[in-house]
Amino acid sequence: MAARRIPLLLSRSFTSSSPTLFSRGRDSSLCRAAAAAAASCGYSTASSAAAAAEDPITPPVKVDYTQLLINGQFVDSASGKTFPSLDPRTGDVIAHVAEGEAEDVNRAVSAARKAFDEGPWPRMTAYERSKIILRFADLLERHNDEIAALETWDNGKPFEQSAQTEVPMTTRLFRYYAGWADKIQGLTAPADGPYHVQTLHEPIGVAGQIIPWNFPLLMFAWKVGPALACGNTIVLKTAEQTPLSALYVSKLLHEAGLPPGVLNIVSGYGPTAGAALASHMEVDKLAFTGSTTTGKIVLQLAAKSNLKPVTLELGGKSPFIVCEDADVDKAAELAHYALFFNQGQCCCAGSRTFVHESVYDQFVEKANALAMKRVVGDPFKGGIQQGPQIDSEQFEKILKYIRSGVDGGAKLETGGERLGSKGYYIKPTVFTDVKDDMLIAKDEIFGPVQSILKYK
């Protein structure tokens, strides 16, 4: 349920028209380099979103970690294969990343199992574990801008969102979980008769974790943080679209003192690496965040193997309801944010906007105006509110849903097409006269498409 809170937790405004990049108030060399890069590209507040999409800013960060992380070491995949991690602003290759498969998952699980059965992590005091996690949080804070640049480059979300909210929130989450490490305890329960009844909370063992591409760092924190605080060891599979930030921060976690084998990272594809992890007999607990379709497969694989417990956090089609006595200006602003935040790529997006008929026309006018004003472009440029979609597959899927809305009889008010000729940018799109039986009202689009329905 935690993921349902993302829009609320990230409710700082990203609508500033300021052209300043990396505006954390930190005079770091990275910030200065980014500002110089922006200036060299000729960007200003007058730059159009289309121009931003055509001439991408060079990200001020290097990609240093592209191998698998197994037993504390960065290593190639057993097959030697790699896959490309792409820049969604252009479709160009950022880096070639080691492609993990079943053999690599076996190596990672073996390392995690040995670290759990024989290593120091589950045996050290909870206070010592918390100190390592806190040191890691300090390193996250120190490297905030580099991590944010990798996240934006690999994912396409605005840098200001990454640097000012998501990386600081990741840091805060690890400090939070560090605080829990020495506060996990059982209880003594009353019983009838001469019995002593108590519960004891122990680490469960090797935790398999599969994270999505829409919030790579936050999903890393929500999966890794509690597992480490409880004394477990981990094998984590990153999304193939966004492997870079997890590899970078995992290096920092080992710098903080994490013992080898406690955290293992396997990058790769779902049908190979993901399936091998979900069905592995030596994995004691599985957590997956992603689509509902894939979640069903993960649950089946876990059940057919060793019946490991599974935590699923899947997609949704959440309603946003505007009542007849609502402040229409505020409602339109909140509905806009609830849908378009993170390029609409959010499992808890308010993707069905129900508006009472008495304020419908007024709401539609304001919703259209907000969508038309939304600033779309290179996410490394200051003031950008919406970057590109994650990849060509998601890009085409969204455009297909837009065509479905038009063909199904909904009224396309604004947007509805790609922006520019390069990358995966889509214009903010608003549909009205949407009916409940239309695909755009039923399916999770996972993109910047607002469907507005009228109710009595």
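Residues numbered from 1 in each chain as written. Predicted model: local features only at pLDDT ≥ 70, side-chain atom pairs only at ≥ 80, totals over all residues. Heavy atoms only, no water.

1. Examining the environment of Lys427
At step 1: Checked against the element boundaries, Lys427 lands in the loop between strand 14 (411-414) and strand 15 (429-432).
At step 2: We classify Lys427 as partly exposed; its relative accessible area is 29%.
At step 3: Taking C-alpha positions, Lys427 is 8.8 Å from Arg374, a pair spaced 53 residues apart along the chain.
At step 4: In this view, Lys427 contacts Gly415, Gly416, Glu417, Arg418, Leu419 and Pro448; residues no more than four positions away in its chain are not counted.
At step 5: Here Glu417 takes part through its side chain, which lies 2.8 Å from a polar atom of the side chain of Lys427. (Helix = DSSP H or I, 4+ residues; strand = E, 2+ residues; numbered from the N terminus. Buried < 20%, exposed > 50% of the residue type's maximum accessible area, 1.4 Å probe, protein only. Contact = heavy atoms within 4.5 Å. Polar contact = N/O pair within 3.5 Å; in protein donor to acceptor, adjacent residues only side chain to side chain.)

2. A short note on a nonpolar patch on the surface
At step 1: A cluster of nonpolar side chains, contributed by Tyr176, Trp180 and Ile184, occupies part of the molecular surface with about 310 Å² of accessible area.
At step 2: Relative to the helices and strands, Ile184 is located in the loop between helix 7 (159-180) and strand 5 (188-189).
At step 3: Residue classification places Ile184 among the partly exposed residues on the basis of a relative accessible area of 33%. (Patch = residues over 30% accessible without salt bridge, like charges linked within 9 Å, V, L, I, M, F, W, Y side chains within 5 Å. Areas by Shrake-Rupley, 256 points an atom, 1.4 Å probe, with all protein chains shown as cover. Salt bridge = Lys/Arg side-chain N within 4 Å of Asp/Glu carboxyl O.)

3. Points about the pattern of salt bridges
At step 1: Going through the model one piece at a time under the given rule, you end up with 17 salt bridges.
At step 2: Between Asp104 and Arg107 there is a salt bridge, with the nearest N and O atoms lying 2.6 Å from each other. In this pair, Asp104 and Arg107 both sit in helix 4 (residues 102-117), 3 residues apart, roughly one turn of the helix.
At step 3: Residues joined in a network through salt bridges with shared partners are Arg113, Asp117, Glu282 and Asp284.

4. Here we look at the confidence of the model for the protein chain
At step 1: Considering every residue of the protein chain, the mean pLDDT works out to 90; 88% of them sit at 70 or more.
At step 2: Confidence over residues 1-53 falls short of pLDDT 50; this stretch has 107 contacts with residues more than four positions distant or in other chains. (pLDDT = per-residue confidence, 0-100.)

5. So, the nonpolar core
At step 1: Phe136, Phe174, Phe220, Val224, Leu228 and Phe363 are the most contacted members of the largest nonpolar core, which totals 80 residues.
At step 2: Counting residues per element, this core draws most heavily on helix 8 (residues 216-229), which supplies 10 residues.
At step 3: Setting aside residues up to four positions removed in sequence, Leu228 forms contacts with Trp121, Arg129, Ile133, Ile234, Leu253, Leu258 and Val262.
At step 4: One finds Leu68, Val109, Val283 and Leu286 within the second-largest nonpolar core, a separate group that totals 22 residues. (Core = buried A, V, L, I, M, F, W, Y, C linked by side-chain atoms within 4.5 Å.)

6. Quick notes on the pairing of strand 9 (residues 263-267)
At step 1: Summarising burial for strand 9: 5 of the 5 residues are buried, a large majority.
At step 2: Residues of strand 9 alternate between two faces, with Leu263, Ile265 and Ser267 on one and Asn264 and Val266 on the opposite face, all of them buried.
At step 3: Direction of pairing for strand 8 (residues 233-238) relative to strand 9: parallel, over a ladder of 5 bridges. Note that in strand 9 the partner of Ile234 across the bridge is Leu263.
At step 4: On the question of chirality, the crossover connecting strand 8 to the parallel strand 9 by way of helix 9 (residues 244-255) is right-handed. (Pairing = 2+ DSSP bridges. Right-handed = clockwise from strand over helix to strand, strands pointing away.)

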